[in-house]
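Residue strings, one per chain:
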Amino acid sequence: MRHIISLTLLLAGFWLLLSGYFVPLLLGLGAVSILLVVTIALRMDAADHESQPLHLTSRFTLYWVWLAGQIVKANMDVVRCIWSPVSAISPTRIRLTATQRTAIGKVTYANSITLTPGTVVMRLEGDQIEVHALTRAAAAGLQDGEMDHRVRELER
């Protein structure tokens, strides 16, 4: 039940953010559309702990702050590689083992890698993640396991 309530509140907040109108007619139409979407989600059995990981909400804030810092650092590294008079680009493919227990943890880890400039996940099969990195240093940064550890702590 709490997943349905959170879905309803999330959709209402998103609708208000995008529309910006507080006219009674539009608010009513928005409420009807939200109820329709929630009803469809209920019938599809799509509102569960995987589609809405409420148990991770409090820890996600700290993780996103850390990830934003990693994204900024990686952006600076990519710019440094591009502007360097000597080519610092050394494309590398690596294979990592994801230590997360759940599918959402593995996907969060893979998406975090892809969000970080200079690295992209090419394949995720089981516990194995194949990554393409722009430089050997970016690959080594992933192999140190800090991001894997932080995502594992996120799902604990």
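Residues numbered from 1 in each chain as written. Predicted model: local features only at pLDDT ≥ 70, side-chain atom pairs only at ≥ 80, totals over all residues. Heavy atoms only, no water.

## As for the overall build of the chain
Within the chain, the regular secondary structure consists of 6 helices and 3 strands. Mapped in sequence order, the helices and strands of the chain form the string α-α-α-β-α-β-β-α-α. Its C-alpha radius of gyration of 20 Å places the chain more than 25% over the 15 Å reference for a compact globule of 156 residues. In terms of overall dimensions, the chain has a C-alpha envelope of 60 × 35 × 25 Å along the principal axes. In the chain, buried positions account for 30% of the 156 residues. The contacts of the chain with a sequence gap of at least 6 include a subset with a gap of at least 24, amounting to 67%. (Helix = DSSP H or I, 4+ residues; strand = E, 2+ residues; numbered from the N terminus. Rg over C-alpha atoms; globule rule 2.2 N^0.38 Å. Buried < 20%, exposed > 50% of the residue type's maximum accessible area, 1.4 Å probe, protein only. Contact = heavy atoms within 4.5 Å.)

## Overview of the pattern of salt bridges
Two side chains bearing opposite charge may form a pair once their charged atoms approach each other closely. Here the structure, examined in full by the defined rule, presents 8 salt bridges. Glu130 is paired through a salt bridge with Arg95; the nearest N and O atoms lie 3.7 Å apart. Of this pair, Glu130 sits in strand E3 (residues 128-133) while Arg95 sits in strand E1 (residues 92-97); the two residues are 35 residues apart in sequence, bridging distant segments of the chain. Arg95 gets classed as exposed once you look at its relative accessible area, which sits at 51%. Note that Glu130 is salt-bridged to Arg123, the shortest N-O span being 3.6 Å. Through salt bridges with shared partners, a single network forms among Arg93, Arg95, Arg123, Glu125 and Glu130. (Salt bridge = Lys/Arg side-chain N within 4 Å of Asp/Glu carboxyl O.)

## Overview of the packing of helix H4 (residues 103-115) against helix H6 (residues 146-155)
One way to put it is that H4 packs onto H6 with a least axis distance of 10 Å and a crossing angle of 145°. By crossing handedness, the relation of H4 to H6 is classed as right-handed. Residues Gly105, Thr108, Tyr109, Ser112 and Ile113 of H4 lie in contact with H6, whose contacting residues are Met147, Asp148, Val151, Leu154 and Glu155. Looking at the contact of H4 with H6 residue by residue, the class counts come to 5 nonpolar, 3 polar and 2 charged. (Axes fitted to C-alpha atoms, helices over the stretch in contact; angles between N-to-C directions. Left-handed = near helix turned anticlockwise from the far one by under 90°. Nonpolar A, V, L, I, M, F, W, Y, C, P; charged D, E, K, R; others polar.)

## Concerning the sheet that holds strand E2 (residues 119-125)
Taken together, the 3 strands give an open sheet; going across it, the order is E1-E3-E2, and neighbouring strands pair in antiparallel fashion. With one partner strand each, in any of the chains shown, E1 and E2 form the two edges of the open sheet. Geometrically, the sheet is characterised by an average inter-axis angle of 25° between neighbouring strands, direction not taken into account. Here 6 bridges tie E2 to E3, and the two strands are oriented antiparallel to one another. When the bridges of E3 are listed, Val121 appears paired with Val131. Contacting E1, E2 and E3, helix H5 (residues 136-143) runs over the sheet at an angle of about 5° to E1. (Pairing = 2+ DSSP bridges.)

## Comments concerning a nonpolar patch on the surface
Together, Tyr21, Val23, Leu25, Leu26 and Leu29 give the surface a local cluster of nonpolar side chains, amounting to about 490 Å² of exposed area. Residue placement: Val23 occurs in the loop between helix H1 (2-19) and helix H2 (24-43). (Patch = residues over 30% accessible without salt bridge, like charges linked within 9 Å, V, L, I, M, F, W, Y side chains within 5 Å. Areas by Shrake-Rupley, 256 points an atom, 1.4 Å probe, with all protein chains shown as cover.)

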